[in-house]
Amino acid sequence: MADNHKPLRQISEAFRELEATVNSQTPDDVKVASFSRACSLISPLFGCLGIAFKFAEMDYVAKVNDLVEASKSIGTLQAMVERDVQANTVKKGGSHTRNLLRVKRGIDMVKVLFEQILVTEGNSLRDPASKAYAQVFAPHHGRVIRTAVAAGMYALPTKAQLLQKLNEDEPSARIQMQSYITASAPVILYINKLFLSRELGVDW
């Protein structure tokens, strides 16, 4: 039974389930419903990071909600992308496929953030968060958003404050973060392949 007071544990468990599907004999059976549910569990994490990631949080939540809606009528991620390809709406604003790409970046940002937290000494999150933002989001954001994020980095919680918000101590948090890093990597790779195999690219 999931522990509602342990968001990190919920996130890592949900992504381990997705990882199992992606690594199975039928990787194209990744359900929009289970994917969007796993991604929705990450949303509170952006909220815990404060003003620096407010734009990312709002954007991410909106895109995940769209995928939740899509899951009511579309079975798998592959079918969802294929439907937009056939309708020639892949890069149209608001398309499910475009939103999938944005959500994938959110998953990736959290993965890099966790990787950086695990290798960074001390209690500050500024370095891990700055590196994660620069690597994943910054190339796709305009100067105004990048400037606002940079200013917001000074208002980040400390690592101890973040763990307190997530109801974790450091040893358990490290285990769950590593679990998410390991599980999310093949999921991110799978989504990239959905785009690259159709020559859609992932840098737009």
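If you're wondering where the values come from, they're calculated on a predicted model, not measured in any experiment. (Residues numbered from 1 in each chain as written. Predicted model: local features only at pLDDT ≥ 70, side-chain atom pairs only at ≥ 80, totals over all residues. Heavy atoms only, no water.)

If you tally the helices and strands in the chain, you get 10 helices and zero strands. A compact globule built from 204 residues should have a C-alpha radius of gyration of about 17 Å, and the chain, at 17 Å, falls within 12% of that. Its C-alpha atoms give the chain principal-axis dimensions of about 50 × 45 × 25 Å. Here the chain holds 204 residues, and 50% of them are scored as buried. (Helix = DSSP H or I, 4+ residues; strand = E, 2+ residues; numbered from the N terminus. Rg over C-alpha atoms; globule rule 2.2 N^0.38 Å. Buried < 20%, exposed > 50% of the residue type's maximum accessible area, 1.4 Å probe, protein only.)

A few words now on helix H10 (residues 170–196). Across its 27 residues, H10 extends 38 Å between first and last C-alpha, which sits within 8% of the 39 Å expected from 1.5 Å per residue. Helix geometry: H10 is bent most strongly at Ser184, by close to 30°, with proline Pro186 lying one to four residues after it. (Expected span 1.5 Å × (residues − 1). Bend = angle between axes of the 7 residues up to and from the residue.)

Put plainly, two cysteines are in a disulfide when a covalent bond ties their sulfur atoms together. Per the counting criterion, the structure on display carries zero disulfides. Of all cysteine sulfurs, the one in Cys48 lies closest to Cys39, which takes part in no disulfide; the gap is 17 Å. Overall, the relative accessible area of 1% leaves Cys39 in the buried class. (Disulfide = S-S within 2.5 Å.)

Ranked by internal contacts, the top residues of the largest apolar core, which has 67 residues, are Phe15, Phe35, Phe53, Leu100 and Phe114. Beyond its immediate sequence surroundings of up to four residues, Phe114 is in contact with Leu8, Leu45, Met177, Tyr180 and Ile181. (Core = buried A, V, L, I, M, F, W, Y, C linked by side-chain atoms within 4.5 Å. Contact = heavy atoms within 4.5 Å.)

UniProt marks residues 30–168 with the feature "domain: Glycolipid transfer protein" (unreviewed entry), using the numbering shown here. The annotated region residues 30–168 carries 69% helix and 0% strand content, and the separation between its end C-alpha atoms amounts to 30 Å. (UniProt positions renumbered as here; feature names shortened; annotations may be inferred.)

This part is about the side chain of Lys111. Assignment of secondary structure puts Lys111 in helix H6 (residues 96–119). You can call Lys111 buried: its relative accessible area is 16%. Discounting residues that sit within four places of it in the chain, Lys111 has contacts with Tyr180, Ile181, Ser184, Ala185 and Ile188.

The next thing to look at is the environment of Arg9. Tracing the sequence through the fold places Arg9 in helix H1 (residues 7–22). Along the sequence, Arg9 and Glu168 sit 159 residues apart, while their C-alpha atoms lie 9.3 Å from each other. Among residues more than four places away in sequence, those in contact with Arg9 are Glu168 and Gln176.

On to the packing of helix H4 (residues 54–70) against H6, then. In contact at an axis separation of 9 Å, H4 and H6 are set at 130° when each is read in the N-to-C sense. The orientation of H4 with respect to H6, classified from their angle, is oblique. You can see that H4 and H6 cross each other, and the crossing is left-handed. In this structure, H4 uses Asp59, Tyr60, Lys63, Val64, Asp66, Leu67 and Ala70 to contact H6, whose residues at the interface are His96, Asn99, Leu100, Arg102, Val103, Gly106 and Ile107. Classifying every residue of the contact of H4 with H6 by side-chain character gives seven nonpolar, three polar and four charged. (Axes fitted to C-alpha atoms, helices over the stretch in contact; angles between N-to-C directions. Parallel < 35°, antiparallel > 145°, perpendicular 65-115°, else oblique. Left-handed = near helix turned anticlockwise from the far one by under 90°. Nonpolar A, V, L, I, M, F, W, Y, C, P; charged D, E, K, R; others polar.)

Tallied over the full model, the rule gives six aromatic pairs. Consider the rings of Phe46 and Tyr60, whose centres lie 5.1 Å apart with planes at 50°: the pair is tilted. In this pair, Phe46 sits in helix H3 (residues 43–48) while Tyr60 sits in helix H4, placing the two residues 14 residues apart along the sequence. The burial state of Phe46 is the same as that of Tyr60; both residues are buried. One aromatic cluster is present, formed by Phe15, Phe114 and Tyr180 through successive ring pairs. (Phe/Tyr/Trp six-rings, centres within 6.5 Å; stacked < 30°, edge-to-face > 60°.)

So, on to unusual backbone geometry. One non-glycine residue, Asn88, lies in the positive phi region at around 60°. By the secondary structure assignment, Asn88 is in the loop between helix H5 (77–87) and H6. A positive phi angle is found at Glu199, which is not glycine, with a value near 55°. Inspection of the secondary structure puts Glu199 in the segment after H10.

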